[in-house]
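This is what each chain is made of:
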Amino acid sequence: KQEVTQIPAALSVPEGENLVLNCSFTDSAIYNLQWFRQDPGKGLTSLLLIQSSQREQTSGRLNASLDKSSGRSTLYIAASQPGDSATYLCAVFSGNTGKLIFGQGTTLQVKP
Amino acid sequence: DGGITQSPKYLFRKEGQNVTLSCEQNLNHDAMYWYRQDPGQGLRLIYYSQIVNDFQKGDIAEGYSVSREKKESFPLTVTSAQKNPTAFYLCASSARSTASRRAYEQYFGPGTRLTVT
């Protein structure tokens, strides 16, 4: 059974810092991996999608990497801003089950 | 604008009543999903549908029912059999065609917060 773990559960950093959020998964037979952002009381916004054949994706200040063999992904946020404060969720999609399995999320606070 | 709409945003019901949550998408996606989010528990899959007139149970389907009569609509009914219905409910959709680089990328609606007293 696929399990997704995100570390740390919470993170507080001063504005301007570069930071890394970690995601690990137990079954490497994934179709893709998605990183989402969720603001309090809101739905999820897709940030980056990495297909299983890809190693990384970039969007603006965000860079996500994928290492299927070790079951790990990282989300790198450059030059963090207070507006980046949110919960970040990692999820892996298995083509076999048709399901997206989520981690518990990392809640990020960027202080001005 | 393409997207997913959920209504209402907030819903209040008395215990013992069934309630239906709406989810509509105009993204022309084949697959649709319902998740439940509780504090400290992450997102859990309730039901999903990969094609019209077909759907499968997720991990926590007991006490819920769905229908998929139209491609763009996937309503969720929370029945009186659901023991703890108070939660934040999220609907999502995705394209299925593997010809697309965005295949199976899930897009989420804004959510419905259901409170049952």
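Our subject in this report is the structure included herewith. (Residues numbered from 1 in each chain as written. Chains lettered and ligands numbered in written order. Predicted model: local features only at pLDDT ≥ 70, side-chain atom pairs only at ≥ 80, totals over all residues. Heavy atoms only, no water.)

Notes on the interface of chain B and chain A
A common measure of how large an interface is: the accessible area buried when the components associate. Every contact between the two is made by 25 residues of chain B and, on the other side, 21 residues of chain A. Each partner contributes to the roughly 1800 Å² buried at the junction of chain B and chain A, and carbon and sulfur atoms together form 50% of this total. At the surface where chain B touches chain A, the tally comes to one salt bridge. Across the salt bridge formed by A:K99 and B:D59, the nearest N and O atoms sit 3.2 Å from each other. At the boundary of chain B with chain A, the tally comes to six residue pairs in polar contact (both at pLDDT 80 or more). Here the element with the most residues in the side of chain B that touches chain A is strand β5 (residues 42–51) of chain B; it accounts for five residues. Within the side of chain B that touches chain A, the residues separate by chemical class into 11 nonpolar, eight polar and six charged. (Contact = heavy atoms within 4.5 Å. Buried area = accessible area lost by both parts, 1.4 Å probe. Salt bridge = Lys/Arg side-chain N within 4 Å of Asp/Glu carboxyl O. Polar contact = N/O pair within 3.5 Å; in protein donor to acceptor, adjacent residues only side chain to side chain. Helix = DSSP H or I, 4+ residues; strand = E, 2+ residues; numbered from the N terminus. Nonpolar A, V, L, I, M, F, W, Y, C, P; charged D, E, K, R; others polar.)

Topic: the pattern of salt bridges
Residues and elements named next belong to chain B. Enumeration over the complete set of coordinates arrives at six salt bridges over all chains. Taking the shortest distance from any N to any O, the salt bridge between D38 and R44 comes out at 2.9 Å. D38 gets classed as buried once you look at its relative accessible area, which sits at 12%. A relative accessible area of 25% means that R44 is categorised as partly exposed. (Buried < 20%, exposed > 50% of the residue type's maximum accessible area, 1.4 Å probe, protein only.)

As for the state of the cysteines
Residue and element names in this part refer to chain A. All told, the structure shown has two disulfides over all chains when counted by the stated rule. With its sulfur 1.9 Å from that of its partner, C23 forms a disulfide with C90. As the torsion about the S-S bond is roughly -55°, the C23-C90 disulfide counts as left-handed. Of the two residues, C23 sits in strand β3 (residues 19–25) while C90 sits in strand β9 (residues 86–94), which places them 67 residues apart along the sequence. (Disulfide = S-S within 2.5 Å.)

Some details on the sheet that holds β3(A)
All names here are of chain A. The strand order across the open sheet built from five strands is β1-β3-β8-β7-β6, with neighbouring strands paired in antiparallel fashion. Only two strands of the sheet have a single neighbouring strand rather than two, namely β1 (4–7) and β6 (56–59). Sheet twist, expressed as the mean angle between neighbouring strand axes with direction ignored, is 15°. Here β3 pairs with strand β8 (residues 72–77) via six bridges, running antiparallel. Bridged to C23 within β8 is S73. (Pairing = 2+ DSSP bridges. Axes fitted to C-alpha atoms, helices over the stretch in contact; angles between N-to-C directions.)

Re the sheet that holds strand β8 (residues 76–78) of chain B
All names here are of chain B. Spatial strand order, β1-β3-β8-β7: four strands in an open sheet with antiparallel pairing. Bordering the open sheet on either side are β1 (4–7) and β7 (64–66), each of which pairs with just one other strand. Ignoring which end each strand starts from, the neighbouring axes of this sheet average 20° apart.

Side note on the packing of aromatic side chains
Inspection of every chain in the model, using the stated rule, returns 12 aromatic pairs over all chains. An angle of 35° between the planes, with centres 5.7 Å apart, marks the rings of A:F36 and A:F102 as tilted. Highlighted residues: A:F36 in strand β4 (residues 32–38) and A:F102 in strand β10 (residues 99–102), separated in sequence by 66 residues. A single burial state applies to A:F36 and to A:F102, both of which are buried. Ring centres of B:Y33 and B:Y35 lie 6.4 Å apart, and the angle between their planes is 25°; this geometry places the pair in the stacked category. As far as burial versus exposure is concerned, B:Y33 and B:Y35 are alike and both buried. (Phe/Tyr/Trp six-rings, centres within 6.5 Å; stacked < 30°, edge-to-face > 60°.)

Quick word on the side chain of A:N63
Residues and elements named next belong to chain A. As for its position among the elements, N63 is in strand β7 (residues 62–67). Polar contacts involving the side chain of N63 include one to the side chain of T58, which spans 2.8 Å. If we skip the residues at most four places from it in the chain, N63 touches L48, E56, Q57, T58, T74, L75 and Y76.

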